[in-house]
Amino acid sequence: MKNPYIPYPVKLTKVEVATEDKSLRNFEMEFLNPDHAKEFKYLPGQFAELSIAGYGESPIGIASSPTEGDRLLFTVSKAGVVTTKLHNMEVDDVMGVRGPLGNWYPLESMEGKDIVIIAGGYAVTTLRSTMLWLMDPENRKKYGDITFIYGARTPGMLLYRDEMAEWAKRSDINCHITIDKEVPGWEGLVGFVPTITEQVAPKPDNAVSLICGPPVMIKFTQPVLDKLGWQGDQIIMSLENRMKCGIGICGRCNVGPYYVCKDGPVFTKAQLDELPKEY
Amino acid sequence: MSDKILSKTEIGSFLDKIKADYQIHAPVQKDLELVWAPIDQAEELVWEFSNTDLSPKSYFFPQTESLMHFKNNSQDPEGLIMKEESPLEKPRALLNIRPCDAKAFQVLDKVFCRDEKSLDVYWKDKRDKTLLIGLACNNPCPTCFCTSMNCGPHHEEGLDILLTDLGDRLLVHSVTDKGQALTANLSKAGQEDINEASRNKEQAEASITSQVKMDNINSRNVLELYEHPVWDQVHESCINCGTCTYFCPTCHCFDIQDETQGDFGRRVRNWDTCMSWLFTHHTSGHNPRGTKKDRVRQRFMHKFKYMPIKLEGAVGCVGCGRCTRKCPVNIDVREVVSSMNS
């Protein structure tokens, strides 16, 4: 019997500050035992419990894509006990990863459709995973147009900025990167994500939209999509709640009858419309 | 499987047979309290009791349980790497467990051993190694409402053996093969004993006058029930103490924490309660169940609406009445469920 509570031991292979306010860092890690890398089969949208012995665990979305190989990437905000400890860790330090946990974006049912990705702030992590997965040559041909809208407060708060600059050069991706307010030296888009979404006006015909961002972004993006004719079952979101077990047992992350850790974190807006707003 | 009869004077030898493979635990009198404890002699057994204050859920889901341990030393090559705890050494038999408590474990099996992804090895190990010998209730308490919760005073589900007290002797009914093997050598029960046990059953069932209906709870959708006006009143007297959750045989929420002392570290799980504000508190400060009303509603919605939806109709309540007996502000689960159903 596999014990779902035991984390895989991993070693940090790269740690870098990800944003200008230093509140986020990128952590790359590899499994100490190569067999574990084979067991850890994941898809974009899933998360893992980052486990630091003596401190605890924190559920974090997987920012790497399985198409990139065995290395795992997590972008973590320094917030509580575990993530603060993590921010003080260095390359070669040993920690644990437990997962992959939760469901993933419905990549299979999205095949043949146009994809619209809308992200804000550091909620972009699992959507980075999705973008890389979609851009893999084997996968890219299965999908229609890909539109990527991403915003942050300032250029320095944009995650994965260099990678996104490369995506913007590709002819098969419509990339719209925006910042909230004008800043000297910034030549890209300026404006909140809902405003940019309104300008881009993605069409709902045979399309799916993945949205991750702070509640205020989602609140103001929703009416924009409604106006464009998007239906609840075309809008896919990812939830966060306090978690412990990560496997649908310990009882705290539920939204109605569904556990965010196991039945989620990915839900359609149509599903969420029928549930209490306990997230 | 044919029913057997066991004279109370011969219980000692029956216990000896069980003891060969199992460590026996049973409700025993300790000062003024009836508690679960290991037993050695038949004389320690109690035959006249309603039920233990605490349910025996801690045999499978201890209040504090070490999940894994580690060397708390980053310099050690094995340091900070989690090691599994060893499984339960000797199988256990829970003797004279009430049918409602056995039924509760069967409900919890659906939670702890849901599927390949949600397979709690700690729960399963102890469940697989535990024999349940139930004692039917001939005199249910006034707070019992098991017959409304897919259970009953002589309910067999979840048990290996059901004993019915007939005064100086017990009717022994084997429910599983494991139970059958242990009782094979007992003498066959006469028709009169079998009839007496079923009369006891009928009387016990008839004595449970509290009836709770769930038809409207089942037919309403989640949001209708969530927005029911009942929640504005139910939570008012609740003080969020969590007593109901600790005494409840089906409440199973837990927390996971790391503990270290010098070079030793372990990851433990502890009983938690959905009545606590911290239970759902995000690190950001946001709390999806930030008010007392949210938390009280969660507990009843979880048991009577969410669990049935997720667990093929299994209700998260067996009608044991402990929460009603223990609540310091007299919240009666039967009244709450009836209001939800109104």
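Since we're looking at a predicted model, the values are computed, not measured.

Parameters and conventions
For every chain, the first residue of the written sequence is number 1, and numbering continues from 1 onward in sequence order. Whichever chain is written first is A, and whichever ligand is written first is 1; the rest continue in order. This being a predicted model, a pLDDT of at least 70 is required before a residue's local features are given, and a value of 80 or more before pairs of side-chain atoms are given or counted; all residues contribute to the totals for chains, interfaces and linings. Where helices and strands are cited, they refer to DSSP runs of H or I of at least four residues and of E of at least two residues respectively, numbered from the N terminus. Two things to know: the radius of gyration comes from C-alpha atoms, and the globule rule equals 2.2 Å times the number of residues to the power 0.38. By the convention adopted here, residues are in contact when the distance between their C-beta atoms, placed from the backbone, does not exceed 7 Å. As a working rule, the residues Ala, Val, Leu, Ile, Met, Phe, Trp, Tyr, Cys and Pro are called nonpolar, Asp, Glu, Lys and Arg charged, and the rest polar, with Gly in that last group. Three exposure classes are used. Buried residues have 20 or more other C-beta atoms within 10 Å of their own C-beta, exposed residues have 12 or fewer, and partly exposed residues fall in between, all C-beta atoms being placed from the backbone. The arc in question is the one traced by the directions running from the helix axis out to the C-beta atoms. Angular values range over 0 to 180 degrees, each being the angle between N-to-C directions of two axes fitted as lines to C-alpha atoms, with helices fitted over their stretch in contact. In what follows, roughly perpendicular refers to angles from 65 to 115 degrees, roughly parallel to angles under 35, roughly antiparallel to angles over 145, and oblique to any angle outside these ranges. Here is the rule for handedness: rotate from the far helix to the near one, and if that takes an anticlockwise turn smaller than a right angle the crossing is left-handed, while a clockwise turn gives right-handed. In short, DSSP must find at least two bridges between two strands for them to pair. Nonpolar cores are identified as sets of buried Ala, Val, Leu, Ile, Met, Phe, Trp, Tyr and Cys residues joined via C-beta atoms within 7 Å. Values of pLDDT, which run from 0 to 100, indicate the predictor's confidence residue by residue.

Chemist: Whenever I open this one, the overall build of chain A confuses me. Can you help?
Modeler: Within chain A, the regular secondary structure consists of eight helices and 15 strands. What you see for chain A is a C-alpha radius of gyration of 18 Å, in line with the 19 Å of a compact globule of 279 residues. For chain A, the C-alpha atoms occupy an extent of roughly 50 × 45 × 35 Å along the three principal directions. Of all intrachain contacts in chain A linking residues separated by at least 6 positions in sequence, the fraction that spans at least 24 positions is 69%.

Chemist: Explain the interface of chain B and chain A here, please?
Modeler: In many reports, interface size means the accessible area that the parts give up when they come together. With 40 residues of chain B in contact, the opposing surface of chain A contributes 35 residues. Counting only elements with at least two residues in the side of chain B that touches chain A, the list comes to strand E4 (64-71), helix H2 (99-112), helix H7 (222-226), strand E11 (254-261) and helix H10 (292-310) of chain B. The dominant element in the side of chain B that touches chain A, judged by the number of residues it contributes, is E11 of chain B, at six residues. Of the residues assigned to the side of chain B that touches chain A, the class counts are 21 nonpolar, 11 polar and eight charged.

Chemist: For this particular structure, what's the right way to read helix H12 (residues 333-341) of chain B?
Modeler: Because the α-helix completes a turn every 3.6 residues, residues three or four places apart line up on one side. Residue and element names in this part refer to chain B. If you check which residues of H12 are buried, you get Val333, Val336, Val337 and Met340. Along the axis of H12, the buried positions cluster into a sector of 95°, meaning they face one direction only. Looking at the buried residues of H12, the elements they touch are helix H6 (215-219), H7, helix H8 (230-237), H10 and helix H11 (322-326).

Chemist: Help me understand the packing of helix H6 (residues 193-200) of chain A against helix H7 (residues 215-228) of chain A in this model?
Modeler: Packed helices, taken two at a time, are described by their axes: the angle between them and the distance between them. Residues and elements named next belong to chain A. Contact geometry of H6 with H7 gives a least axis separation of 8 Å together with a crossing angle of 20°. In terms of orientation, H6 lies roughly parallel with respect to H7. Judged by the sense of rotation from one axis to the other, the crossing of H6 with H7 is right-handed. Contacts between H6 and H7 involve Val193, Pro194, Thr197 and Glu198 from the former and Met217, Phe220, Thr221 and Val224 from the latter. Residues belonging to the contact of H6 with H7 are distributed by class as follows: five nonpolar, two polar and one charged.

Chemist: Would you mind going over the pairing of strand E9 (residues 169-174) of chain B with me for this structure?
Modeler: Walk down a regular strand and you will see the side chains alternate between the two sheet faces. All names here are of chain B. Of all six residues that make up E9, five are buried, and the element is covered over most of its length. Strand direction decides the pairing type here: strand E1 (residues 4-7) and E9, joined by four bridges, are antiparallel. Across the sheet, serine 7 pairs through a bridge with arginine 169, a residue of E9. Where strand E8 (residues 161-165) lies against E9, five bridges are found, and the strand directions are antiparallel. What sits directly across from leucine 163, in E9, is valine 172. Between E8 and the antiparallel strand that follows it, E9, lie three residues; glycine 167 among them carries a positive phi value of about 95°.

Chemist: What am I meant to see in the nonpolar core here?
Modeler: A general feature of soluble globular proteins is that nonpolar side chains tend to end up buried together. Formed by 156 residues in total, the largest nonpolar core has its most connected members in Ile117 of chain A together with Ile133, Cys146 and Leu163 of chain B. Top element by residues in this core is H2 of chain B. It accounts for eight residues.

Chemist: Even after reading the chapter, I still don't get the confidence of the model for chain B, so can you show me in this structure?
Modeler: The share of residues in chain B with pLDDT of 70 or more is 100%, and the mean pLDDT across the chain is 96. Taken over the whole predicted complex, pTM reads 0.94, whereas the ipTM for its chain interfaces reads 0.94.

Chemist: Please explain the environment of isoleucine 179 of chain A as it appears in this structure.
Modeler: Residue and element names in this part refer to chain A. Relative to the helices and strands, isoleucine 179 resides in strand E9 (residues 173-179). The sequence separation of isoleucine 179 and aspartate 226 amounts to 47 residues, and the corresponding C-alpha distance is 23 Å. Apart from the residues within four sequence positions on either side, isoleucine 179 is in contact with Gly151, Ala152, Arg153, Thr154, Pro155, Trp186 and Val190.

Chemist: Would you mind showing me how to read the environment of lysine 2 of chain A here?
Modeler: Residue and element names in this part refer to chain A. Within the secondary structure layout, lysine 2 lies in the segment before strand E1 (8-17). Residue class for lysine 2 comes out exposed when judged on the 9 C-beta atoms lying within 10 Å of it. Taking the C-alpha atoms as reference points, lysine 2 and asparagine 254, separated by 252 residues in sequence, lie 24 Å from one another.

Chemist: Mind showing me how you'd approach the sheet that holds strand E3 (residues 47-52) of chain A here?
Modeler: Consider a sheet: its strands pair through backbone hydrogen bonds, and that pairing is either parallel or antiparallel. Residue and element names in this part refer to chain A. Spatially, the six strands line up as an open sheet ordered E4-E3-E6-E1-E2-E5, and their pairing is antiparallel. Pairing within the sheet leaves two strands with one partner each, and these edge strands are strand E4 (56-61) and strand E5 (72-77). Averaged over all pairs of adjacent strands, the angle between their axes in this sheet comes to 40°, without regard to strand direction. Note: E1 against strand E6 (residues 94-101), four bridges, orientation antiparallel. Bridge pairing links proline 9 to glycine 96 in E6.

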